[in-house]
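# Report on the structure
Read off the chains here:
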Number of protein chains: 4
Amino acid sequence: MSDYAPVSEHLDDVDAAREEGRRKMDWALQHMPILTELREQFEAEKPLEGEVIGMAMHVEAKTANLVELLALGGAEVAITGCNPLSTHDDVSAALDANDDITSYAVRGVDDDNYYAAIESVIDHEPTLTVDDGMDMVFAIHEEHPELIDTIVGGCEETTTGVHRLRAMDEDGALNYPVFAVNDTPMKRLFDNVHGTGESSLANIAMTTNVSFASKNVVVAGYGYCGKGVAKKASGQNANVVVTEVEPRRALEAHMEGYDVMPMKEAAEIGDIFVTTTGNRDIITEEDFEAMKDGAILSNAGHFDIEIDLDTLSDLATEEYDARDGVRAYEMDDGRRINVLAEGRLVNLASPIALGHPIEVMDQSFGVQAVCVRELVENGDNYEAGVHDVPDGLDKEVAEIKLAAEGVEIDALSEQQREYMGSWSHGT
Amino acid sequence: MSDYAPVSEHLDDVDAAREEGRRKMDWALQHMPILTELREQFEAEKPLEGEVIGMAMHVEAKTANLVELLALGGAEVAITGCNPLSTHDDVSAALDANDDITSYAVRGVDDDNYYAAIESVIDHEPTLTVDDGMDMVFAIHEEHPELIDTIVGGCEETTTGVHRLRAMDEDGALNYPVFAVNDTPMKRLFDNVHGTGESSLANIAMTTNVSFASKNVVVAGYGYCGKGVAKKASGQNANVVVTEVEPRRALEAHMEGYDVMPMKEAAEIGDIFVTTTGNRDIITEEDFEAMKDGAILSNAGHFDIEIDLDTLSDLATEEYDARDGVRAYEMDDGRRINVLAEGRLVNLASPIALGHPIEVMDQSFGVQAVCVRELVENGDNYEAGVHDVPDGLDKEVAEIKLAAEGVEIDALSEQQREYMGSWSHGT
Amino acid sequence: MSDYAPVSEHLDDVDAAREEGRRKMDWALQHMPILTELREQFEAEKPLEGEVIGMAMHVEAKTANLVELLALGGAEVAITGCNPLSTHDDVSAALDANDDITSYAVRGVDDDNYYAAIESVIDHEPTLTVDDGMDMVFAIHEEHPELIDTIVGGCEETTTGVHRLRAMDEDGALNYPVFAVNDTPMKRLFDNVHGTGESSLANIAMTTNVSFASKNVVVAGYGYCGKGVAKKASGQNANVVVTEVEPRRALEAHMEGYDVMPMKEAAEIGDIFVTTTGNRDIITEEDFEAMKDGAILSNAGHFDIEIDLDTLSDLATEEYDARDGVRAYEMDDGRRINVLAEGRLVNLASPIALGHPIEVMDQSFGVQAVCVRELVENGDNYEAGVHDVPDGLDKEVAEIKLAAEGVEIDALSEQQREYMGSWSHGT
Amino acid sequence: MSDYAPVSEHLDDVDAAREEGRRKMDWALQHMPILTELREQFEAEKPLEGEVIGMAMHVEAKTANLVELLALGGAEVAITGCNPLSTHDDVSAALDANDDITSYAVRGVDDDNYYAAIESVIDHEPTLTVDDGMDMVFAIHEEHPELIDTIVGGCEETTTGVHRLRAMDEDGALNYPVFAVNDTPMKRLFDNVHGTGESSLANIAMTTNVSFASKNVVVAGYGYCGKGVAKKASGQNANVVVTEVEPRRALEAHMEGYDVMPMKEAAEIGDIFVTTTGNRDIITEEDFEAMKDGAILSNAGHFDIEIDLDTLSDLATEEYDARDGVRAYEMDDGRRINVLAEGRLVNLASPIALGHPIEVMDQSFGVQAVCVRELVENGDNYEAGVHDVPDGLDKEVAEIKLAAEGVEIDALSEQQREYMGSWSHGT
């Protein structure tokens, strides 16, 4: 048994923290139509009655609304952070004030306490796990395999977590079903295009004080994220330049009316660069050599590997913080190359970053919530291993959002359904 | 043996026809960068040497450039029309003037001669077939099964043709490999979005003399075609309204900033309607009842089943041609509902329609050409039956277009390729 | 007295013509919300009672609805064409069938009859004139000065007409007030931007069969027309290139995200050119020399002076009609340069041109109608000479259109009006 | 003589402050192409040699680059702040380190010292004044009329300052020429549309953590600012709703494809509101009553009078800070209405606001610089009083920006100039 105590015992003024945390949660909930709708359903139907959910996630206002939703659905929830620096103590305290929730998340804990907090969560004997980085799944498989028999299943939010779970799965080492709540069609279409696009540009604007109109904005990669950044930058009257390696994506960008060219050429004309490829070495030495004085470089891809900062640092005769969140590298010819947020995700790692837009998390957490419900209701249908989110659940969340926003749509008539069927299945 | 003669023997002034046809072909070729590029390759490499290609397609200027490309590649080509009304005699004559091409296509032939012309093509003993509606495949399987042994394979352009071939295939009745050259990723992305979108709206504008700015344009269906129509109408400052039955598509349209609502509501406010669903009964009685006086209805989906014209006709107290290509239905309350091109594809069936934009056919025919080459070079790799176009060929056509338009792109480095590989395959 | 008879006496089957003409008028009226609204007002209030209006305008369906509106307002109207080739006899006959209207417009009349028809109109002893090219004003001043005393005033639609009237005015030779119904704020903002933009591009698309996506569309001039063409081309996913001589307009285009460059450079990359400057020699010899094979040239400015066709013709080794409405000029290096509509206004002079979009004329004619009413009601307030349309009338037409389309707007409160006043007039 | 000392004597660690201030100036200058270009010219030509410029402006990095430019042009500059809270001490210190500049601006000074600092500037006996709120002009006219004889002229940046100067002028009390460097065509077109539009939305996004896609964004007023906000919001896939009182502007918005309606109706559906009218009482009691829970209200107009906060506060049962920069008003039915930046300019007054985008100030300051030069070179041409910026200077700044960004444009030929002239002046 871990003796690591809930957050409320770690804070000086718990009441003030709870009030402040509640306000943050309230703010977020105002812009979470999906969770708001699900609260009504879960509260009325109590689909999670009798379950214990163990969670390790970023404990901030948006997540907190998911946690509370699960509790409203009838579950007992125990939660801790998935990163010692991402916890908001006030939000953690607000959650901990709920009788059905125990929160162990405290900002800035050391490694020992970080793991002690995970242990404390596991002491609740969860029947479900909800992870943002597979900490909970991993701790249970490593340290508490005896719990696995009673575990219905789990959800994992991140790409990296899912990646590792698949590796475990391939090795036959994953012993309960886990939904990969990461890349559903809805998430790809909305988060990446709209969420990443808008928030990356807003962070760039508010970190640098520059405007986009007439700027050459170089977008590296024309996947969903790249499309979003290109579309939103173009919507701010930037002249968008796209670099790509896949000819059909390149042609797609070209047909959209964007300039398409190799990075080496784009480097010469770019005012602002945004990498979105998910690959390494997108902006490298020959590009740095070609850039204009004052170029602004940022990354909207998962890892800080897209801009080759080591080489840039080697090339620079001087390095300094030009502004909060802007690192300037001065070349020997006097040109200054400016890198935002150390080349990490600009919409998450810039000094004023607020994380993903609320609506994006609303949708992700909506999928989490219906996945948890699905595991409770139909967990037996899923074998141990990683599972894609069933299409129907993704669709359900879309339906909830449309309903919550008052958007009605048509339904197929019997004749139409028949016609489509006859067509696709042959006659 | 069919005694149906080539087109040159059917025309009065063959020389004039040939010159005129050649000009039409020249015009199209100026805007076909892919075929232009492939002409150089095919002429230099003669990949089709020794083959005989039997074709049944719409014989007009764009297709004619494909036909000539195949001949330049070393093949002997025999062709006839796939629809008695779509043949341009002058283009047919221009093709027939080529020593390596025999064209039997003549506009307005009767049924007997239509089939006699197909027979004449088959008399050339084709080793490959290229169809736009499977006439050639069908005639060979039904009437000339003895040729099948020496046939390398075929290409089929249309959705309906592919649909029927798949049915044959399921019945085990398709005896050589046929590429379904219809719905490659490139075609979906470019033709449907840009080609159909732009040409539908241009036809509507030039048939009606109305402008789009501030109009409520109702787009039924938010698949690729619907996205194209919505995007281009919005780019003309229309207020776009989308109707859908699939919640995620509906949400996608909503997130784009469009109004989404059921058709019944859209019917009340729409100025111009464009159906793109591929399904039947999209605009029906209750919609007609709700429409404003002067509403304009058009269809950009495959068949003329999306607008329920029979019911509209029943409801109308009077029907007349309000303009060339515009049928007006007057309701008993005096409202006039105007249907373009009899509810058939507005970009193909309106009186001034020019068919698909040249660039769209350039791309389709580019895929056709590399598919024919693939069958000649690697036909043994494909079993009898319907085959999707191999991804590599689709990609090759994208590369040719980019090259032809002078667009260069990046290539993955060894390290990048490794990084991507390690990531997607696990460690 | 002229013995030139009304159109009804010139036609063989007057009844058929009248029916056909009425259908054309009906079609247009369905898309003319302003005239529709004014019909109700004019019919109820009869503001033109007792007046005789002499008109020389293009007699086609859109104009005909203005003519009929004036008659509904209580006036007797006599009309003839302002160009022997622009008359639609059927529409002319439909007008002539109205007891309050006499139409002398007949298509294809010779010069003598053209002027005889004007005389016939003047025989009605007009108290107001409405012109499209000042024919009526001119004939009255030259031949029938005795009528001037009883003439309340006139309206002139065209830029050229207004230009000449101002010259007359400066010479003290214009003896009654004429409204320059040409360049009101509403017309500049809507016609030029939306009307010319959309219809120019639709004509280009439907004359050439090309699409705009990814094309380099070079727009010469960034005034209202140029802005419209650029905006609409960009909305079709073209890559827009702007040429300008005024630095602030150039900067405006640059800030919008467009490429701005001299024509000489634009000539090298342009796929489609649209001139909108109103000036001569916009595309000249050095540009022709630089162009790509297949370049498409068109003009959306008033006169056919923007593309230097004489020089192009001199440079060409061969000239021919590549398509209906497309003149091809073949250079000695084989490049083909294609000029649409002989360099005349592409949205009016292309073979399939329908004239301005109906909504554009609805607005122009709405201004005409309220101007005529103003002359009748307050003609004494205007001295002889050319007058700009009073701002209030332009505004009234905007209000009518908003009302007709069901758009409501706010009104200033007393306090707000005071606040604005105090602000702008100082304290 | 004022004994208020320069900033350097007020700071503890002057060297550190100077270094930090210089970095801020460097950052801004990287994104100020116009000032960068003018630095070269001014340094080479020394057009301000022998002049003394007295300034009262916001002393931050962008302004500082103007100050330094004037010094580079040969002037001695003395400056103080125009608002005790807007001074950046480090930037002030960096300026003060320049031998030709004395800066008296210190953050947070009390009233006495604020005016003492103005006196200290005047002790330098300026021959020109550059103001941001007319403090310098006013102090000289009130307290040091003896200086007026040697004063060449002045520049005033703000709308309010210009407004008051015009009042002085009308009273005959303004005794030297002052340029109203506020509303040149360039500023209206670029600052208002692009600068205000982009920075308002970025501030809203980064204060609230919401995204714009699919949101109903209500823009009150469709002047330049409103157009900018609408355009940029639409470019982020918002559904834009416009409210207006002027019918032609309303129609312009309608033709653009936006929804136009009275505020009372917009209030019911709006998610995010941005007022841009410059008038009072734009969002009032009946609107608050109609709003949805969670509505976000912001202002991008000059004063905090557009949202009726007093009434909102009266209506609220509770008020609290929902987030930094977000004031929540809870209605008795539980709805929360959220007001950003206390209803003051959201792009200047939000907690993370950076002021106008750098490029916007680059342009304003470019106009300032050429106006100062004009006064030195041609001051005698201007009588005492308020003067609009001569068109040629505005144009020159546009030319400098185009040149600085490498954009070349065409020039009129002699024939073209003649043609335009003949046309507009008659023949």
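If you check an unreviewed UniProt entry, chain A appears there as Adenosylhomocysteinase from Halogeometricum luteum. According to the UniProt record, the Pathway (unreviewed entry) comment for chain A reads "Amino-acid biosynthesis; L-homocysteine biosynthesis; L-homocysteine from S-adenosyl-L-homocysteine: step 1/1." In its Sequence similarities (unreviewed entry) section, the UniProt entry covering chain A states "Belongs to the adenosylhomocysteinase family."

Let us now look at the relation of the copies chain B and chain A. Both copies of the chain are related by one operation, a rotation about an axis with a shift along it. When chain B is fitted onto chain A, the two copies agree to an RMSD of 0.1 Å after a turn of 180° and an axial shift of 0.0 Å. A rotation of that kind, with that shift, is consistent with a two-fold axis. Interface overlap between copies: 100% of the residues of chain B at the interface are likewise at the interface in chain A, consistent with a symmetric, same-surface contact.

Another point: the interface of chain C and chain B. The figure often quoted for interface size is the accessible area lost as the parts come together. Contact with chain C, which involves 45 residues of that partner, is made by 46 residues of chain B. Of the roughly 3,900 Å² buried where chain C meets chain B, counting both sides, 53% is carbon and sulfur surface. Interface area lost by chain C to chain B is led by C:Trp27, C:Met206 and C:Asn209, which between them contribute 20%. Between chain C and chain B we count 4 salt bridges in total. Its salt-bridge partner being C:Glu318, residue B:Arg23 comes within 3.8 Å of it at the nearest N-O pair. In this structure, the connection of chain C to chain B is made through 20 residue pairs in polar contact (both at pLDDT 80 or more).

Residues and elements named next belong to chain B. Under the defined criterion, the tally for this structure stands at 0 disulfides over all chains. In this structure Cys82 is a free cysteine whose sulfur lies 15 Å from that of Cys155, the closest cysteine sulfur available. On the basis of relative accessible area, Cys82 is assigned to the buried category, the value being 13%.

The next thing to look at is the UniProt feature "domain: S-adenosyl-L-homocysteine hydrolase NAD binding" (unreviewed entry) in chain A. Under the feature "domain: S-adenosyl-L-homocysteine hydrolase NAD binding" (unreviewed entry), the UniProt entry names residues 192-353 of chain A. Strand forms 23% of residues 192-353 of chain A and helix 38%; the C-alpha atoms that close the span are 17 Å apart.

Relative to chain B, chain C is turned by 180° and slid 0.0 Å along the rotation axis, the superposed coordinates differing by an RMSD of 0.1 Å. When you check the interface residues of chain C against chain B, 100% turn up at the interface there too, and the contact is symmetric in its surfaces.

The next subject is the packing of aromatic side chains. Using the criterion set out here, one finds 12 aromatic pairs over all chains in the structure. Between the aromatic rings of A:Tyr222 and A:Tyr258, the centroid separation amounts to 6.1 Å while the plane-to-plane angle is 75°, which identifies the pairing as edge-to-face. With a gap of 36 residues between them, A:Tyr222 in the loop between β7 (216-220) and α9 (224-234) and A:Tyr258 in the loop between α10 (247-255) and β9 (259-260) connect regions that are remote in the sequence. On the numbers, 5.1 Å between centres and 85° between planes, the contact of D:Tyr114 with D:Tyr115 is edge-to-face. Above the ring of A:Tyr224, the side-chain terminus of A:Lys227 is found at 5.6 Å from the ring centroid.

Okay, helix α16 (residues 391-404) of chain B next. Residues and elements named next belong to chain B. The end-to-end C-alpha distance of α16, which contains 14 residues, comes to 20 Å, matching closely the 20 Å that a straight helix rising 1.5 Å per residue would cover. Within α16, burial applies to Leu393, Asp394, Glu396, Val397, Ala398, Ile400, Lys401 and Leu402. The first or second residue beyond α16 is Gly406, which carries a positive phi of 75°.

Across the contact, 55 residues belong to chain B and 55 residues belong to chain A. Contact between chain B and chain A buries roughly 5,100 Å² in total, counting both sides, with carbon and sulfur atoms accounting for 63%. Residues B:Lys231 and A:Glu256 are paired through a salt bridge, measuring 2.3 Å at the closest nitrogen-oxygen approach. Along the contact surface separating chain B from chain A lie 18 residue pairs in polar contact (both at pLDDT 80 or more). Sorting the residues of the side of chain B that touches chain A by element identifies α7 (159-170), α8 (185-208), α10 (247-255), α11 (263-269), α16 and α17 (414-425) of chain B as the ones contributing at least two each. Grouping the amino acids of the side of chain B that touches chain A by side-chain chemistry returns 25 nonpolar, 13 polar and 17 charged.

Take the sheet that holds strand β13 (residues 326-330) of chain D next. Residue and element names in this part refer to chain D. Read across the open sheet, the 8 strands follow the order β9-β8-β7-β10-β11-β14-β13-β12; overall the sheet is mixed. One side of each edge strand has no neighbouring strand; the edge strands of this open sheet are β9 (259-260) and β12 (318-323). Bridge count between strand β7 (residues 216-220) and strand β8 (residues 239-243): 5 bridges; the pairing is parallel. The residue bridging Asn216 from the neighbouring strand is Asn239, located in β8.

Moving on, we come to the sheet that holds strand β7 (residues 216-220) of chain B. Adjacent strands of a sheet pair through backbone hydrogen bonds, lying either parallel or antiparallel. If you walk across this open sheet you meet the 8 strands as β9-β8-β7-β10-β11-β14-β13-β12 (chain B), and the pairing is mixed. Two strands lie at the open edges of the sheet, namely β9 (259-260) and β12 (318-323) of chain B, each paired on one side alone. The pairing of strand β13 (residues 326-330) of chain B with strand β14 (residues 336-340) of chain B spans 5 bridges and is antiparallel. Paired with B:Glu330 across the bridge in β14(B) is B:Arg336. Set on the sheet, helix α9 (residues 224-234) of chain B makes contact with β7, β8 (239-243) and β10 (272-275) of chain B; between it and β7(B) the angle comes to about 170°. Its contacts with the sheet place helix α1 (residues 14-30) of chain C against β11 (295-299), β12, β13 and β14 of chain B, and it is angled at close to 85° to β12(B).

Now for the nonpolar core. Core analysis: the largest hydrophobic core is formed by 348 residues, its most contacted members being A:Met55, B:Met55, C:Met55, D:Ile53 and D:Met55. Discounting residues that sit within four places of it in the chain, B:Met55 has contacts with B:Leu66, B:Val67, B:Leu70, B:Val77, B:Ala78, B:Ile79, B:Thr80, B:Val121, B:Val130 and B:Met136.

Take the side chain of A:Thr158 next. Residue and element names in this part refer to chain A. Considering the arrangement of structural elements, one finds Thr158 in the loop between β5 (153-156) and α7 (159-170). Among the polar contacts made by the side chain of Thr158, one reaches the main-chain amide nitrogen of Gly161 at a distance of 2.9 Å. Residues in contact with Thr158, not counting those within four places in the same chain, are Asp132, Gly133 and Asn182.

When you line up the elements, A:Glu252 lands in helix α10. Setting aside its immediate chain neighbours within four residues, A:Glu252 contacts A:Tyr222, A:Lys227, B:Leu189 and B:Phe190.

What follows is about the pattern of salt bridges. Opposite charge on two side chains lets them pair, provided their charged atoms get close. Tallying each qualifying case throughout the model produces 100 salt bridges over all chains. In this structure, C:Asp333 and C:Arg335 form a salt bridge, with 2.8 Å as the shortest nitrogen-oxygen distance. With a closest N to O distance of 3.8 Å, D:Glu19 and D:Arg23 form a salt bridge. A residue pair is termed a helical-turn pair when its members lie 3 or 4 positions apart in one helix, as D:Glu19 and D:Arg23 do in helix α1 (residues 14-30) at 4 residues. Judged by its relative accessible area of 21%, D:Arg23 is partly exposed. Among the charged side chains, a network of salt bridges with common partners joins A:Glu246, A:Arg248, B:Asp391 and B:Asp394.

All names here are of chain B. Within strand β1 (residues 52-56), 5 of the 5 residues are buried, which leaves it mostly tucked inside the rest of the structure. Residue alternation in β1 divides its side chains into two sets, Val52, Gly54 and Ala56 and Ile53 and Met55, and both sets are buried. As defined by bridge partners, β1 adjoins strand β2 (residues 76-80) across 5 bridges and the pair is classed as parallel. Each residue of the ladder has a partner; that of Ala56, found in β2, is Thr80. Between the parallel pair β1 and β2, the chain is carried across by helix α3 (residues 61-72), and the sense of this crossover is right-handed. Judged from the 4 bridges that link them, β1 and strand β4 (residues 128-131) form a sheet pairing that is parallel.

Residue and element names in this part refer to chain A. Together, Glu285, Glu289, Asp310, Asp314 and Asp332 give the surface a local cluster of negative charge. Going through the elements one at a time, α12 (285-290) and α13 (309-315) are the ones with two or more residues in the negative patch. Turning to its location among the elements, Glu285 is positioned in helix α12. The class for Glu285 is partly exposed, based on a relative accessible area of 41%.

Okay, the environment of D:Ala353 next. With respect to the helices and strands, the residue D:Ala353 is situated in the loop between α14 (346-349) and α15 (358-378). With 12 residues separating them along the chain, D:Ala353 and D:Ala341 place their C-alpha atoms 9.6 Å apart. When neighbours within four sequence positions are excluded, D:Ala353 is seen to be in contact with A:Met206, D:Asn203, D:Val346, D:Asn347 and D:Leu348.

This brings us to unusual backbone geometry. All names here are of chain A. Phi is positive for Glu342, close to 55°, though the residue is something other than glycine. Within the secondary structure, Glu342 is located in the loop between β14 (336-340) and α14 (346-349). Judged by relative accessible area, Glu342 falls into the exposed class, the value being 54%.

Basis of the calculations
Residues numbered from 1 in each chain as written. Chains lettered and ligands numbered in written order. Predicted model: local features only at pLDDT ≥ 70, side-chain atom pairs only at ≥ 80, totals over all residues. Heavy atoms only, no water. UniProt positions renumbered as here; feature names shortened; annotations may be inferred. Least-squares fit on C-alpha atoms with pLDDT ≥ 70 in both. Contact = heavy atoms within 4.5 Å. Buried area = accessible area lost by both parts, 1.4 Å probe. Salt bridge = Lys/Arg side-chain N within 4 Å of Asp/Glu carboxyl O. Polar contact = N/O pair within 3.5 Å; in protein donor to acceptor, adjacent residues only side chain to side chain. Disulfide = S-S within 2.5 Å. Buried < 20%, exposed > 50% of the residue type's maximum accessible area, 1.4 Å probe, protein only. Helix = DSSP H or I, 4+ residues; strand = E, 2+ residues; numbered from the N terminus. Phe/Tyr/Trp six-rings, centres within 6.5 Å; stacked < 30°, edge-to-face > 60°. Lys NZ or Arg CZ within 6 Å of the ring centre and 35° of its normal. Expected span 1.5 Å × (residues − 1). Nonpolar A, V, L, I, M, F, W, Y, C, P; charged D, E, K, R; others polar. Pairing = 2+ DSSP bridges. Axes fitted to C-alpha atoms, helices over the stretch in contact; angles between N-to-C directions. Core = buried A, V, L, I, M, F, W, Y, C linked by side-chain atoms within 4.5 Å. Right-handed = clockwise from strand over helix to strand, strands pointing away. Patch = residues over 30% accessible without salt bridge, like charges linked within 9 Å, V, L, I, M, F, W, Y side chains within 5 Å. Areas by Shrake-Rupley, 256 points an atom, 1.4 Å probe, with all protein chains shown as cover. Lys, Arg positive; Asp, Glu negative; His and termini not counted. Charge placed at Lys NZ, Arg CZ, Asp CG, Glu CD.

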